[in-house]
Amino acid sequence: SGWLQGWILVAAVMAAMRGGELVAGGSDIRGGSEGRAGAPAFVSQLTRQGGGAGCMHMRAESSSKPLKRVVGAVVLRGDEVFMAKRQSSKDYGGMWEFPGGKVEEGEDDQTALKREMQEEFSVDLRVGDFLASGDDGRIELFCYLAEMLGDPVLSEHEECRWVGLADLQDLEVPPADKPAISRLQKMQRR
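Everything numeric in this text was worked out from a predicted model, so none of it was measured.

Participant: Which residues make up unusual backbone geometry, and what values do they have?
Facilitator: Unusually for a residue other than glycine, Y92 sits at a positive phi of about 60°. Turning to its location among the elements, Y92 is positioned in the loop between β5 (80-85) and β6 (96-97). Overall, Y92 belongs to the partly exposed group, its relative accessible area being 27%. If you check the backbone angles, S122 has positive phi at about 50° while not being a glycine.

See the structure below:
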């Protein structure tokens with residue numbers, strides 16, 4: 001409908017003004033059943049995510065469960081980033097990811113990320129700016145730049161290593177991690 005196209009245009013302009021991007025996911029925005037006051041039922045929210053990144057995210061409403069909120073640490077060391085290989089017995093087994101995990105009830109993203117890194121790598125973390133978000137239809141991953149305070153100890157992953165930013169495209173990664181990789185590569189080109 002016309003009002004929806006107007007909102008999408010406004011969101012795109014606002015995202016461009018902030019240097020961000022408009023992300024639409026999970027639904028065909030051209031149609032749908034009518035909700036309250038003539039609004040299509042699938043449109044649930046349009047929000048600016050993550051503070052300084054200027055990234056806007058539009059999420060489609062559905063009858064399925066809401067996406068689980070997950071956080072990931074993007075730890076840089078020069079032109080390398082810390083990556084962890086998932087255990088083969090887990091979802092996305094054998095793929096490389098930004099380490100982190102689920103945000104528990106009552107936690108903010110930064111607290112959850114610090115807790116997860118302590119649990120998984122026995123390392124303290126200084127959490128910085130929001131970098132990017134992505135989802136796979138089940139989880140929504142919010143990635144933050146971070147600094148490890150100490151050396152990681154491997155416990156829950158098959159392997160961890162420092163990967164050159166130019167080599168990230170060669171890794172097999174879960175879909176939710178891809179927007180952060182794309183953002184890192186754009187930052188590297190500047």
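Participant: Talk me through helix α3 (residues 178-189); I want residue IDs and the actual numbers.
Facilitator: Since the α-helix turns once every 3.6 residues, residues separated by three or four places project in the same direction. In this model, α3 (twelve residues) spans 17 Å end to end at C-alpha, consistent with the 16 Å of a helix rising 1.5 Å per residue. Of the residues making up α3, those classed as buried are A180, I181, L184 and Q185. End-on, the buried residues of α3 take up no more than an arc of 135°, which puts them together on one face.

Participant: Tell me what's going on with helix α2 (residues 109-121), and back it up with residues and numbers.
Facilitator: The terminal C-alpha atoms of α2, which comprises 13 residues, lie 18 Å apart, in line with the 18 Å expected from a rise of 1.5 Å per residue. Here α2 has its buried residues at D109, A112, L113, E116, M117, E120 and F121. Projected down its long axis, α2 carries its buried residues within an arc of 130°, all on one side. Residue D108 occupies the N-cap position of α2, its side-chain oxygen lying 3.3 Å from the main-chain nitrogen of Q110.

Participant: Which residues make up the side chain of E97, and what are the values?
Facilitator: As for its position among the elements, E97 is in strand β6. The exposure class assigned to E97 is buried, which follows from its relative accessible area of 11%. Among the polar contacts made by the side chain of E97, one reaches the side chain of R86 at a distance of 2.9 Å. A polar side-chain atom of E97 sits 2.7 Å from a polar atom in the side chain of H157. Apart from residues no more than four positions distant in its own chain, E97 is found in contact with M83, A84, R86, H157, P174 and D177.

Participant: Describe the pairing of strand β4 (residues 68-77), and please don't skip the residues or the numbers.
Facilitator: As defined by bridge partners, β4 adjoins strand β9 (residues 139-149) across eight bridges and the pair is classed as parallel. Bridging across to β9, V71 finds its partner in F142. Relative to strand β7 (residues 100-102), β4 is paired through three bridges, and the arrangement is antiparallel. Across the sheet, G72 pairs through a bridge with G100, a residue of β7. Counted between consecutive antiparallel strands, the loop separating β4 from β5 contains two residues, among which G78 sits at a positive phi close to 65°.

Participant: Report on the nonpolar core, specifying residues and quantitative values.
Facilitator: If you look at the biggest cluster of nonpolar residues, it comprises 19 residues, and the most contacted ones within it are V74, V81, M83, F98, L168, L171 and L184. Per element, the largest residue contribution to this core is three residues, and it comes from α3. In this view, L171 contacts M83, W96, R161 and V163; residues no more than four positions away in its chain are not counted. A73, F130, A146 and M148 belong to the second largest nonpolar core, which has 18 residues in total.

Participant: Just give me the short version of the pattern of salt bridges, but keep the residues and values in it.
Facilitator: This model, assessed by the stated rule, comprises ten salt bridges. The shortest N-O distance in the salt bridge between R138 and D91 comes to 3.1 Å. Highlighted residues: R138 in the loop between β8 (124-135) and β9 and D91 in the loop between β5 and β6, separated in sequence by 47 residues. Exposure remark for R138: the relative accessible area of 45% places this residue in the partly exposed category.

About the thresholds
- Every chain is numbered independently, its residues counted from 1 as its sequence is written.
- Confidence filtering applies because this is a predicted model: local features only for residues at pLDDT of at least 70, side-chain atom pairs given and counted only at 80 or more, and all residues used for totals across whole chains, interfaces and linings.
- Water and hydrogen atoms play no part in the side-chain values, which are based on all heavy atoms of the structure.
- Counting from the N terminus, the helices are the DSSP runs of H or I reaching at least four residues and the strands are the DSSP runs of E reaching at least two.
- Burial classification: accessible surface area is computed with a 1.4 Å probe over protein chains only, and a residue below 20% of its type maximum counts as buried, one above 50% as exposed, and the rest as partly exposed.
- The span expected for a helix works out to 1.5 Å for each residue beyond the first.
- This arc is taken over the directions from the axis of the helix to the C-beta atoms.
- Throughout this description, a polar contact denotes any pair of N or O atoms lying within 3.5 Å of each other; where both atoms belong to protein, one of them has to be capable of donating a hydrogen while the other can accept it, and for residues adjacent in sequence the pair is counted only when both atoms sit in side chains.
- Throughout, a contact is declared for two residues whenever any of their heavy atoms are within 4.5 Å.
- We treat two strands as partners when DSSP finds at least two bridges between them.
- Only buried Ala, Val, Leu, Ile, Met, Phe, Trp, Tyr and Cys residues count toward a nonpolar core, and they belong to the same one when joined by side-chain atoms within 4.5 Å.
- Note on definitions: salt bridges are taken to be side-chain nitrogens of Lys or Arg within 4 Å of carboxyl oxygens of Asp or Glu.

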